[in-house]
Amino acid sequence: MKESYMSPLAVSFVWNLSDQEYVLPIIEVLRVSLARDKNRPFSRGLNIPLFFFNSSSPVIPPKNKPKKLALKNIIFVFTSVNTLGNEKWKKYIESIPAGDSFHIIPVAVDRNGLAHNGALFGLNCIRMYEWAQVDIGLYATVFLSHEIYRFGLCTLNPNKEGKSSSISIFLSHAKAGDTGRIYSERIKQFIDNTNMNRFFDANEISPGYGFDNEIIEHIKKSTLVALESDAYSSRYWCQREILLAKEYNRPVIVVNCLEDYEDRIFPAASNVPCVHLASSGDITDKDILRILAATIIEAIRFEYSMKCLESYKRARWINSDCALVARPPEIRQVIKLKKENKKMICYPEPPIYSEEADWHEFIGIEAFTPLWNKEDQNCFYQKRVGLSISDFTTSYSSSENIHQDCLVNLSQDIARHLLARSAILIYGGDLRPGGFTEFILDEARILNERLTEPSIHVENHLAWPLYISNTEVVAWRARYNDVMSTKEHPIPSDLAGEVSENTFLPPDTPQNLYIWSRCLTEMRRSSILNSTARICAGGRVSGYKGKMPGVLEEIIIALEENKPIFLLGAFGGIVKDVCEAIIDKKTPDSLTLKWQVAHNAGYDELQKIASEQGFDAKYYEILKVLQNTQLSSLASLCGLDENEYKKLMTSPFIDECVHIVLKGLKNIKN
């Protein structure tokens, strides 16, 4: 039976602004560990949904609280003298929701943070004030991520089972030589002072118990850490332990501690994360923390990936007969599955490149990810998809509850999947190193290298005067001429006599800003008219060049032209406010002239000039259009039913949003 999708896990962080100096570095290192790295979008990184709750004032708590968004919702609450001594904050924290699906984990910034009652009463705190400051990021990763594993991913009840719900670490090392044994002993001693479990070596097997069976039973429930010393890969039992971990589909991490040389890297010890230790002859506490941090993060990635795949299967995103694996499939694994009559394997995003996967077809196995199958390769051929995606202004916004990198991850995933399906992407502006356009152009170039007939995959639309005497635009055209075409939109004809069309016009006066706004409007309308559909997410609510926020104007034009438009509202920015106006019939502040005038220098003067010409932004009309827009109409245009479209507007889960967008685009005719 098909079920609606729900993420297995969501993690929230709550903190007071006065504690930001101590808390933000910890949150940042956790965020980087638990979210996909925007600078390495094709890595095997995690993509756990993360939410952030703070406020712009140390005496006023956040306006909202963590919600039930997943099957399990973990809330790290950073407590201190500032949360206990302020009555409003104290009341806010002690009323955070608790229950079977909510797990609150207090993190004491100082000793005063131990004394909260309410939802935190009786809960043991992580005492971050006891950590050595020099390695505080590593301590945070180890101890906070371990609680994510225990409460979010362990199948046992962590409230009843105590240490038995902790991660189990199997230390695999060669007895020959000193490095592997000494390092393992030091790691063992460190673990024994925590609430983690570990299995050290054969000396810990009790007399009378079978050596082989004990090894197997411990590996079945453990994350294996292979201490790869010079002798490691040549030892039978080391090889056997790696093979057993792979056979029983367990997380594996390799610690490279070579002193000199190994004559053959054991093939089974690949396709997994690897930590390098300098060959100093000693292992420090920092080294151990690095190893444990990588081990726990890989255990989380592994278990979270499997639970996601199981959720996708229940929701019928993937075939119910396919096997699920937490890593890109390996030959030994495929052989075993084929003996079990399994011919389809699903593994986590992102897909490996075809050059690495060429053996799948030869061996007769269909390997794919939840969002990508080889059969989809040309399904969007000649579909022209406009991307209205831009960031909002701050990294940790008190109103958005997400980090802006989440929007970057979303845009990367959408662009990658559209390009892989042979769509033409339409995008305006953003020609800068490290920007979104650079990512999609690099991905388009990789796609071209796989095709027998290379073609243009990206249209970059530029309004006048952005392309006038712009050396950066010229450089981009030269660099990406094989995959990108640039569409230059001229100045509107009624304004042509007011300025020199070949001279750059700076946006430094109200009159100049008016001309810029007219040019941007014309560019946006033209690109939307020449597109199949539009995907909108994020978007600045202030600090833009134009008569209104750029993404908002693109939404309004698309509605006027009856174009399919996918609105992803949970990723913040102006699209979030648009979705609230459509779904809840609210009047967000950003959709009022008063708010816009107050938050944009010179905006009042721009509006006056535009009003005289009949081109001003009439927010009361914009709001009326949005509040009168029917979900059923939006959904029908996008090839979706109303429930699917509403889910798209409200879901903060990237994979779910990409899945819905791809499904809708398949149903839209060119």
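Before reading further, recall that the structure is shown in the block above.
What counts as what
- Residues numbered from 1 in each chain as written.
- Predicted model: local features only at pLDDT ≥ 70, side-chain atom pairs only at ≥ 80, totals over all residues.
- Heavy atoms only, no water.
- Helix = DSSP H or I, 4+ residues; strand = E, 2+ residues; numbered from the N terminus.
- Rg over C-alpha atoms; globule rule 2.2 N^0.38 Å.
- Buried < 20%, exposed > 50% of the residue type's maximum accessible area, 1.4 Å probe, protein only.
- Contact = heavy atoms within 4.5 Å.
- Areas by Shrake-Rupley, 256 points an atom, 1.4 Å probe, with all protein chains shown as cover.
- Lys, Arg positive; Asp, Glu negative; His and termini not counted.
- Charge placed at Lys NZ, Arg CZ, Asp CG, Glu CD.
- Phe/Tyr/Trp six-rings, centres within 6.5 Å; stacked < 30°, edge-to-face > 60°.
- Pairing = 2+ DSSP bridges.
- Axes fitted to C-alpha atoms, helices over the stretch in contact; angles between N-to-C directions.

Our focus in this paragraph is the overall build of the protein chain. The helix and strand tally for the protein chain stands at 23 helices and 19 strands. Taking 26 Å as the expected radius of gyration for a compact globule of 670 residues, we find that the protein chain reaches 27 Å, a close match to that expectation. Taking the principal axes of the C-alpha coordinates as reference, the protein chain spans close to 95 × 65 × 50 Å. Taken across its 670 residues, the protein chain has 56% of its residues classed as buried. Sequence-distant contacts in the protein chain: of pairs separated by 6 or more residues, those separated by 24 or more amount to 72%. Surface summary for the protein chain: the accessible area is close to 29,000 Å², and the carbon and sulfur share equals 49%. Side chains of the protein chain give 76 positive and 83 negative charges; the mean places of these two sets differ by 5 Å.

So, about unusual backbone geometry. The omega angle of the peptide bond from Glu349 to Pro350 is 0°, so this bond is cis rather than trans. Residue position: Pro350 is located in the loop between β12 (344-346) and α11 (358-363). The peptide bond linking Trp464 to Pro465 adopts the cis configuration, its omega dihedral lying at 5°. With respect to the helices and strands, the residue Pro465 is situated in the loop between β16 (458-463) and α14 (471-479). In this structure, Gln382 takes a positive phi of about 70° despite not being glycine. Inspection of the secondary structure assignment puts Gln382 in the loop between β13 (366-368) and β14 (384-390). When its relative accessible area of 41% is taken as the criterion, Gln382 is described as partly exposed.

Turning next to the packing of aromatic side chains. Using the criterion set out here, one finds 14 aromatic pairs in the structure. Ring geometry for Trp131 and Phe143: centres 6.2 Å apart, planes at 20°, overall stacked. Taken together, the positions of Trp131 in the loop between β5 (126-127) and α4 (136-153) and Phe143 in helix α4 put the pair twelve residues apart, joining distant regions of the chain. Accessibility expressed as a relative area gives 11% for Trp131, which makes it buried.

If you trace the five strands from one edge of the open sheet to the other, you get β2-β1-β3-β4-β5, paired in parallel fashion. Looking along the sheet, the strands with just one partner apiece sit at the ends: β2 (50-53) and β5. Sheet topology places strand β1 (residues 7-14) next to β2; four bridges connect them, and they run parallel. Each residue of the ladder has a partner; that of Val11, found in β2, is Leu50. Packed onto the sheet, helix α9 (residues 285-314) meets β1 and β3 (70-79) and runs at close to 130° relative to β1.

Keep in mind these numbers describe shape, not what the thing actually does.
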